[in-house]
Amino acid sequence: AQVSTAEFVKSSKKTEDCPADGLPEFALVGRSNVGKSSLLNSLVRRKRLALTSKKPGKTQCINHFRINDSWYLVDLPGYGYAAAPQEVRIDWDGFTKDYFLKRESLVSVFLLIDASIPAKQIDLEYASWLGQNQIPMTLVFTKCDKRKKKKNGGKRPEENVEDFQNLINEFFKSTPPWIMTSSVTNQGRDEILLHMAQLRNY
Ligand code: GDP
């Protein structure tokens, strides 16, 4: 399930403008600074592929990367960026939610959650929205290499992960699949690619 080729295909402003070839796709989404670009680069073993989608003007787009000529990784705008004006945030919500609801070739959303900090309200809202709309979702916990010192009152990544799962359980019939990752140690990279391969073969 390794990545041999990864190419940037296009940035789309609307769901209707996304590639129409029907290849299966997986969307990565998460709070700004969650580690989405780092994870994307780690998945494709490149240092800078995700920079394409960080260029000004592309960050508010749906960015398609074709992998092994047979499926897509999709980079969606980060949400909850504190400096973004309110209207911009609402607009992002509008088009990402439209994409989730309408994109037929979307196999699963990979929702990135920072495991090095306690659950954030906006992440819980995002997860519950996906659950309530029955959008297939995989939880990807990022930054699992970060160890908080107990004496500082911080929780370990494993504890934050467990808290998050307990908080969202009421929105799901069954606990969504979840993977613990680190772009520093590459923990979880093979697991994500294997999970994506399994989902494509259903
Ligand atoms: P994005 O805004 O979601 O694309 O996040 P970035 O990939 O740009 O990462 C945001 C910050 O978190 C950067 O300072 C990264 O170096 C750091 N970071 C990302 N992934 C990891 C990780 O797995 N472990 C650690 N310790 N830091 C990370």
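Let me sum up the structure you'll find in this document. For clarity, every value in this text was computed on a predicted model and none was experimentally measured.

## Side note on the sheet that holds strand 3 (residues 62–67)
Read from one edge of the open sheet, seven strands run 1-3-4-2-5-6-7, paired in mixed fashion. Each edge of the open sheet carries a strand with a single partner, namely strand 1 (6–12) and strand 7 (178–180). The average undirected angle you get between the axes of adjacent strands in this sheet is 25°. In this structure, strand 6 (residues 137–142) lies alongside strand 7, joined through three bridges in parallel fashion. Note on strand 7: the bridge partner recorded for Phe141 is Met180.

## Quick word on the nonpolar core
Ranked by internal contacts, the top residues of the largest apolar core, which has 38 residues, are Ala27, Leu28, Leu73, Leu111 and Leu112. With six residues, the single largest contributor to this core is strand 5 (residues 106–114). Setting aside residues up to four positions removed in sequence, Leu112 forms contacts with Leu28, Val29, Gly30, Val34, Gly35, Lys36, Leu39, Val140 and Thr142.

## Digging into the site of the ligand
Lining the immediate environment of the ligand, one finds 16 residues, of which Gly35, Lys36, Ser37, Ser38 and Ser183 sit closest. No other element matches helix 1 (residues 36–44), which puts three residues into the shell around the ligand. Taken together, the residues that form the shell around the ligand break down as two nonpolar, 10 polar and four charged.

## A closer look at helix 5 (residues 189–200)
When the terminal C-alpha atoms of helix 5 are compared, their 17 Å separation across 12 residues agrees well with the 16 Å that a helix rising 1.5 Å per residue should span. All of the buried residues in helix 5 are Arg189, Ile192, His195 and Met196. Looking straight down helix 5, one finds that the buried residues subtend no more than 130° of arc, so they occupy a single side. Seen from the open side of helix 5, the exposed residues pointing more than 90 degrees away from its buried face are Asp190, Ala197 and Gln198. Contact partners of the buried residues in helix 5: strand 2 (25–30), helix 1, strand 6 and strand 7.

## Here we look at the environment of Glu170
Here Glu170 lies in the loop between helix 4 (157–168) and strand 7. Residues Glu170 and Gly131 lie 39 residues apart in sequence; the distance between their C-alpha atoms is 9.3 Å.

## A few points about helix 3 (residues 121–132)
The terminal C-alpha atoms of helix 3 lie 16 Å apart, and with 12 residues this matches the ideal 16 Å at 1.5 Å per residue to within 8%. Residues Asp123, Tyr126, Ala127 and Leu130 constitute the buried set of helix 3. On an axial view of helix 3, the arc spanned by its buried residues comes to 95°, and they lie on one face. Turned more than 90 degrees away from the buried face of helix 3, the exposed residues are Gln121, Glu125 and Gln132. Buried-residue contacts for helix 3 involve strand 5, strand 6 and helix 4. Remark: Gln134 follows helix 3 within two positions and exhibits a positive phi of approximately 55°.

## Some thoughts on the pairing of strand 5
For strand 5, the buried fraction is high: seven of the nine residues fall into the buried class. Direction of pairing for strand 5 relative to strand 6: parallel, over a ladder of six bridges. Across the sheet, residue Val109 finds its bridge partner in strand 6, namely Met137. Read as a crossover between parallel neighbours, the route from strand 5 over helix 3 to strand 6 is right-handed.

## Structural notes on unusual backbone geometry
Notably, Asp69 is not glycine yet its phi reads approximately 55°, a positive angle. C-beta crowding within 10 Å serves as the criterion here: with 9 such atoms nearby, Asp69 is assigned to the exposed category. One non-glycine residue with positive phi stands out, namely Lys143, at about 60°. Positionally, Lys143 belongs in the loop between strand 6 and helix 4.

Conventions adopted
Residues numbered from 1 in each chain as written. Predicted model: local features only at pLDDT ≥ 70, side-chain atom pairs only at ≥ 80, totals over all residues. Pairing = 2+ DSSP bridges. Helix = DSSP H or I, 4+ residues; strand = E, 2+ residues; numbered from the N terminus. Axes fitted to C-alpha atoms, helices over the stretch in contact; angles between N-to-C directions. Core = buried A, V, L, I, M, F, W, Y, C linked by C-beta atoms within 7 Å. Buried ≥ 20, exposed ≤ 12 C-beta atoms within 10 Å, placed from the backbone. Contact = placed C-beta atoms within 7 Å. Near = placed C-beta within 6 Å. Nonpolar A, V, L, I, M, F, W, Y, C, P; charged D, E, K, R; others polar. Expected span 1.5 Å × (residues − 1). Arc of directions from axis to C-beta. Right-handed = clockwise from strand over helix to strand, strands pointing away.

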